[in-house]
Amino acid sequence: MLSGWQAPQLGHFPPETRSGEGRSSAWDAPTAPAFAGAPGFGGVSDNRTFFTALPQARAEPAYSQPPEHRAFPLGVARGQVANTYIVAEAEDGLILVDQHAAHERLVLERMKAAAANGGVRSQALLLPEVVELDEPACDRLESRLAELAGFGLELERFGPAAMLVRATPALLGHGDVHGLVRDLADELAAFEQTLSLKERLDQVAATMACHGSVRAGRALSVAEMNALLREMEVTPHSGQCNHGRPTWVKLAKSDLEKLFGRK
Ligand SMILES: [Zn+2]
């Protein structure tokens with residue numbers, strides 16, 4: 001899922017280029033000379049070694065991008081704010097992405113596509129989980145076992161007031177199984193018995209997607225952020241979350257210039 005450019009950019013960026021044009025000299029002054037000569041850095045007086053050994057930082061310095069990177073409409077990830085918003089630099093402005101809303105939408109679209117193509121694959125849990133619920137909730141889930149299995153969720157009744165979860169939709173990864181089963185039970189209460197879950201596909205898939213998506217508050221690596229941006233670019237409806245709110249906003253360069261009185 002990762003774009004091929006990520007690794008070469010991070011791994012093989014020549015140090016010469018990093019101190020070259022396109023970067024403010026403010027980046028160079030505090031880092032290179034100070035650390036190269038500092039005690040404890042004796043073995044890395046060669047800047048090349050020092051730069052290669054640098055750990056991957058949370059907020060990457062703003063290297064000048066090779067031209068093809070400018071082609072990404074949602075830009076290149078520069079960092080994360082409040083472990084909730086991705087900050088990306090596009091050619092013509094700054095992009096802010098709500099990571100949960102965006103990822104939830106991508107998972108929903110994947111689930112709907114899978115459901116339309118013969119069912120959602122399930123992934124067995126290593127240890128089945130017991131989810132305690134009230135009896136009516138268990139009854140509602142029990143009456144929909146076959147349909148839920150079609151969504152990749154394999155449940156069994158486990159006594160009067162609990163369900164056993166054997167498998168979850170593979171698309172969701174390792175989400176919050178308890179929250180998912182509880183929310184589905186609540187949702188079923190609102191559905192008419194005559195309606196099939198397929199007819200309520202959007203709601204069921206949306207509930208599952210919410211639990212299978214990266215949460216707000218989770219730290220993401222730069223590679224994860226860029227992978228999310230790239231997938232958003234090729235996924236229809238990815239600009240809106242499942243509740244109709246925007247998943248990203250853009251501050252155009254001209255907006256930034258106005259904010260700073262440059263224009
Ligand atoms: Zn959600």
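Just so we're clear, the structure is a prediction, and the values are computed from it rather than from any experiment.

**A few points about the sheet that holds strand β6 (residues 162–169)**
So, point 1. One open sheet holds the three strands; their spatial order is β4-β6-β5, and the pairing between them is antiparallel. The two strands at the open ends of the sheet, each matched to only one other strand, are β4 (122–132) and β5 (154–157). Direction aside, the axes of adjacent strands within the sheet are offset by 15 degrees on average.
So, point 2. The sheet contact formed by β4 and β6 spans seven bridges and is antiparallel. Within the sheet, the bridge partner assigned to Val130 lies in β6 and is Leu164.

**Overview of the sheet that holds strand β3 (residues 93–98)**
So, point 1. Spatial strand order, β1-β2-β3-β7: four strands in an open sheet with antiparallel pairing. For this open sheet the edge positions go to β1 (76–81) and β7 (248–252), each flanked by a neighbour on one side alone. Strand-to-strand twist of the sheet, defined as the mean angle between neighbouring strand axes without regard to direction, takes the value 25 degrees.
So, point 2. In terms of strand pairing, β1 meets strand β2 (residues 85–90) through five bridges, oriented antiparallel. In the sheet register, Val81 faces β2, and the bridge partner there is Tyr85.
So, point 3. The sheet strands contacting helix α10 (residues 222–234) are β1, β2 and β3, and the helix crosses β1 at an angle near 115 degrees.

**Examining the confidence of the model for the chain**
So, point 1. Mean pLDDT over the chain: 78, with 73% of residues reaching 70 or higher.
So, point 2. The secondary-structure element of the chain with the lowest mean pLDDT is helix α1 (residues 6–11), recorded at 32, while β5 shows the highest, at 97.
So, point 3. In this model, residues 1–54 is a region of pLDDT below 50 whose contacts with residues beyond four sequence positions or in other chains number 34 contacts.

**A word on the environment of Arg200**
So, point 1. Relative to the elements of secondary structure, Arg200 occurs in the loop between α8 (177–190) and α9 (201–211).
So, point 2. For Arg200, a count of 18 C-beta atoms within 10 Å puts it in the partly exposed group.
So, point 3. Considering only alpha carbons, one finds Arg200 and Leu188, 12 residues apart in sequence, at a separation of 9.9 Å.

**Considerations on α8**
Residue pairs three or four apart in sequence face the same way in an α-helix, which turns once every 3.6 residues.
So, point 1. The first and last C-alpha atoms of α8 sit 21 Å apart over 14 residues, in line with the 20 Å expected at 1.5 Å per residue.
So, point 2. For α8, the set of buried residues is Leu180, Val181, Leu184, Ala185 and Leu188. In an axial view of α8, the angular spread of the buried residues amounts to 130 degrees, which keeps them on one side of the axis. The exposed set on the far side of α8, more than 90 degrees from its buried face, consists of Ala189 and Ala190.
So, point 3. Against the buried residues of α8 lie β4, α6 (135–142), β6 and α9.

**Some words on α10**
So, point 1. With 13 residues, α10 extends 19 Å from end C-alpha to end C-alpha; this agrees with the ideal 18 Å at 1.5 Å per step.
So, point 2. Considered for burial, the residues of α10 that qualify are Val222, Met225, Asn226, Leu228, Leu229 and Met232. Projection of α10 onto a plane perpendicular to its axis shows the buried side chains occupying an angular sector of 155 degrees, all on one side.

Cut-off values and rules
Residue positions are counted from 1 within each chain, in the order its sequence is given. Totals for whole chains, interfaces and linings use all residues, but because this is a predicted model, local features are given only for residues with pLDDT of at least 70 and pairs of side-chain atoms are given and counted only at 80 or more. Note on pairing: two strands pair once DSSP finds at least 2 bridges between them. Here a strand is any run of E in DSSP of at least two residues, a helix any run of H or I of at least four, and the numbering for each starts at the N terminus. Structural elements are reduced to axes, namely lines fitted to C-alpha atoms, with helices fitted over the stretch in contact, and the angle between N-to-C directions of any two is expressed from 0 to 180 degrees. With C-beta atoms placed from the backbone, a contact is any residue pair whose C-beta atoms sit within 7 Å. Each residue carries a pLDDT score, the predictor's confidence in it, ranging from 0 to 100. Think of it as a crowd count around each C-beta: if 20 or more other C-beta atoms lie within 10 Å the residue is buried, if 12 or fewer it is exposed, and in between it is partly exposed, with C-beta placed from the backbone throughout. Helices are assigned an expected span. That span is 1.5 Å times one less than the residue count. Read the arc as the range of directions from the helix axis to the C-beta atoms.

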